[in-house]
Amino acid sequence: MQNRFLLALVFSVVAVGVLQSVALNIRTPDIDFYKLYNNPEAHVSLKGRRTTSDRIAAHGYPAEHHHIVTEDGYIVGVFRIPYSHKLQNQNEYRPIVLIQHGLLSCSDGWILTGPDDALAFMLADAGYDVWLGNARGNTYSRNHTSLSPKHPYFWRFSWHEIGHYDIAAMIDYALKTNGQGQKAIHYVGHSQGTTVFFTLMSTRPEYNEKIKTAHMFAPIAIMTNLESPFVRAVAPYLGQRNAYSLLFSCQEFIPHNEFLLNLLFNFCEPDQMLRPTCDSLIGDEGGRTNVTVTPEQLATHPAGCSTNQMIHYLQEQQSGHFRQYDHGTAKNLEVYGSETPPDYPVEEITSKVYLWYGLNDELAAVEDVLALADRLPNKEVRLMEDPLWDHGDFASNWKVREYLNEPVIQIMQEFEDAYN
């Protein structure tokens, strides 16, 4: 995600340069200033960005946008594909699936590869009731019953609260709204979407009864062997309780800028004049990535988060533990009753968990995934057969349908066939 943000900045500079170059090459006598300023249509405007709901509907699927209030007052936006327009199965039994994004991402990330390859569309066409979650603080979840996102108290959360409150609220809401008397769901998470699952299921173990199968793409919990040079460089500074981490905490990471996001959307959408510039900035990573998707990712990401989420991950890397947020000795004593935060008791996660991981993932190291697997009582480990499979491949690899999505749906269907 950091790379995408840098690409966004580079692209903005390039775009401005192109526009300036065009302006400088216009000869003054060629401009009819009277017509220019007398034309009521001669103004610059940006087309509004499409939401996840708009993108779903553009492919012909029914789309719903729900707002869910959590126990601690955050209002999270969740999108739903209730049934498939191809199957017309709105009156049939449709098992519920909740899909949760990673850090700096949002629900858009699950549909950008289109109806043929995106997991959300494939699940809908397989007969499922599909819910796409958004963590507090991102593009679609910037609301609270009493706090403004302009106030630092709004951003006083990490991924612990996303798991403990947001995911719990989404599960309960989906079960209730589905209206078919279902007691449990299937869950899919990528990166942070896996961390929040482990958080919820270990701190509120009663939610294990509400899970049929859980699929963890690039699972992040233990981070001892993480190889990312960037993370290892900043972790000693921000992963400890010191002046650096205190100054960085309780803020919005990359403050929300509607104009910039609209600008990127208008530049990078498929029907826009400057789309080729977006394409040329991205590249194709040796043919491994679905290059038609990446400009859409640039138009929708980064989707925002709290700096505390990043600090929490960096604390994990430094401590070698999968444990709760470190507030410092004094507050830890107040909150936890101990000088150090408690570890998450993942041994209490009784739901069936599938760990999908790659050999080339700088964030979810093989050793860390297997160390986590050793502590989970009910799991299956699935190594991606492509030896180059990395963290981003779970979202945009051009063979994601074959290597990942179809096997996941098959597992879900086998469960449904066995119990229904």
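Just so it is clear, the model here is predicted, and its values are computed rather than measured.

Student: What is the right way to read the overall build of the protein chain from this model?
Tutor: Check the secondary structure of the protein chain and you find 16 helices and 11 strands. For the protein chain, the share of sequence-separated contacts (at least 6 apart) that also reach a separation of at least 24 residues comes to 77%. Looking at the protein chain as shown, the accessible area adds up to about 18,700 Å², and 54% of this sits on carbon and sulfur atoms.

Student: What exactly am I supposed to notice about the pairing of strand β3 (residues 96-100) here?
Tutor: Consecutive side chains of a regular strand alternate in pointing toward one face of the sheet and then the other. Among the five residues of β3, five are classified as buried, and the element is accordingly described as predominantly covered. Here β3 shows no split at all, with I96, L98 and Q100 on one side and V97 and I99 on the other all buried. As defined by bridge partners, β3 adjoins strand β4 (residues 129-132) across four bridges and the pair is classed as parallel. When the bridges of β4 are listed, L98 appears paired with W131.

Student: Got a minute to help me understand the packing of helix α5 (residues 159-178) against helix α12 (residues 307-319) in this structure?
Tutor: If you want to describe how two helices pack, look at the angle between their axes and the distance between the axes. Their axes nearest at 8 Å, the elements α5 and α12 cross at an angle of 110°. By the angle class used here, α5 and α12 are roughly perpendicular. Residues W159, H160 and I162 of α5 form the contact with α12, whose participating residues are Q309, H312, Y313 and E316. A class-by-class count of the residues in the contact of α5 with α12 yields three nonpolar, three polar and one charged.

Student: When you look at the packing of helix α7 (residues 229-238) against α12 in this model, what are you seeing that I'm missing?
Tutor: Contact geometry of α7 with α12 gives a least axis separation of 9 Å together with a crossing angle of 95°. By the criterion of interaxial angle, the relationship of α7 to α12 is roughly perpendicular. Residues V231, R232, V234, A235, P236 and L238 of α7 form the contact with α12, whose participating residues are I311, L314, Q317 and Q318. For the contact of α7 with α12, a count of residues per class yields seven nonpolar, two polar and one charged.

Student: Quick question: what am I supposed to make of unusual backbone geometry here?
Tutor: With glycine set apart, most residues show a phi of negative sign, and most peptide bonds adopt trans. The phi torsion at Q88 lies on the positive side, around 50°, for a residue other than glycine. Of note, Q88 is situated in the loop between β2 (74-81) and β3. A relative accessible area of 46% means that Q88 is categorised as partly exposed. Non-glycine residue S191 carries a positive phi angle of around 55°.

Student: Even after reading the chapter, I still don't get the nonpolar core, so can you show me in this structure?
Tutor: For soluble globular proteins, nonpolar side chains are generally found buried alongside one another. Core analysis: the largest hydrophobic core is formed by 89 residues, its most contacted members being I99, I171, F197 and F198. Here this core takes nine residues from α5, the largest share from any one element.

Student: Even after reading the chapter, I still don't get the confidence of the model for the protein chain, so can you show me in this structure?
Tutor: Do not read the fine detail of predicted coordinates wherever pLDDT is low. Taken as a whole, the protein chain shows an average pLDDT of 86; of its residues, 79% reach a score of 70 or greater. Low pLDDT (under 50) marks residues 1-29, which in the prediction has 28 contacts with non-local residues, meaning those over four places away or in another chain. This stretch, residues 33-37, has a pLDDT under 50; its non-local contacts, to residues over four places away or in other chains, come to three contacts.

Student: Looking at this structure, I do not really get the packing of aromatic side chains. What am I missing?
Tutor: Ring pairs (aromatic) are described by centroid distance and by the angle formed between their planes. Per the stated rule, a full pass over the model turns up 20 aromatic pairs. Relative to Y344, the ring of W159 has its centre 6.1 Å away and its plane inclined at 40°; by these criteria the two rings are tilted. Placement of W159 in helix α5 and of Y344 in the loop between α13 (329-335) and β10 (353-357) is noted, with a sequence separation of 185 residues between them. Each ring, one from W389 and one from Y403, has its centre 5.8 Å from the other, and the planes form 55°; the classification is tilted.

Student: What exactly am I supposed to notice about the pairing of β2 here?
Tutor: In terms of burial, β2 is a largely internal element, eight of the eight residues being buried. Alternating residues of β2 divide into Y74, V76, V78 and R80 and I75, G77, F79 and I81, and every residue in both groups is buried. Across six bridges, the pairing between strand β1 (residues 64-69) and β2 is antiparallel. Looking at the pairing, I68 lines up with V76 of β2. The turn joining β1 and β2, which pair antiparallel and follow one another in sequence, is formed by four residues; a positive phi near 95° is taken by G73. Looking at chain direction, β2 and strand β5 (residues 143-144) are connected through two bridges and run antiparallel. Looking at β5, one finds that I75 is bridged to N143. Across three bridges, the pairing between β2 and β4 is antiparallel.

Student: Hey, could you run me through helix α6 (residues 192-203) in this one?
Tutor: Three or four residues apart is the spacing at which side chains of an α-helix point the same way, because the helix has 3.6 residues per turn. For α6, built from 12 residues, the straight-helix expectation of 16 Å at 1.5 Å per residue is met to within 8% by its first-to-last C-alpha distance of 16 Å. Burial analysis of α6 places 11 of its 12 residues in the buried class, the great majority of the element.

Student: How should I be thinking about the pattern of salt bridges in this particular structure?
Tutor: Side-chain pairing between opposite charges can occur once the charged atoms of the two side chains come close. Per the stated rule, a full pass over the model turns up 13 salt bridges. For R142, the salt bridge is made with E252, and the minimal N-O distance between the two is 2.6 Å. Note that R142 is positioned in the loop between β4 and β5 and E252 in strand β8 (residues 252-253), a separation of 110 residues in sequence. Here R142 and E252 have matching classes, each one buried. Look at the salt bridges and you will find they share partners, linking E64, R80 and D129 into a network.

The rules behind these values
Residues numbered from 1 in each chain as written. Predicted model: local features only at pLDDT ≥ 70, side-chain atom pairs only at ≥ 80, totals over all residues. Heavy atoms only, no water. Helix = DSSP H or I, 4+ residues; strand = E, 2+ residues; numbered from the N terminus. Contact = heavy atoms within 4.5 Å. Areas by Shrake-Rupley, 256 points an atom, 1.4 Å probe, with all protein chains shown as cover. Buried < 20%, exposed > 50% of the residue type's maximum accessible area, 1.4 Å probe, protein only. Pairing = 2+ DSSP bridges. Axes fitted to C-alpha atoms, helices over the stretch in contact; angles between N-to-C directions. Parallel < 35°, antiparallel > 145°, perpendicular 65-115°, else oblique. Nonpolar A, V, L, I, M, F, W, Y, C, P; charged D, E, K, R; others polar. Core = buried A, V, L, I, M, F, W, Y, C linked by side-chain atoms within 4.5 Å. pLDDT = per-residue confidence, 0-100. Phe/Tyr/Trp six-rings, centres within 6.5 Å; stacked < 30°, edge-to-face > 60°. Expected span 1.5 Å × (residues − 1). Salt bridge = Lys/Arg side-chain N within 4 Å of Asp/Glu carboxyl O.

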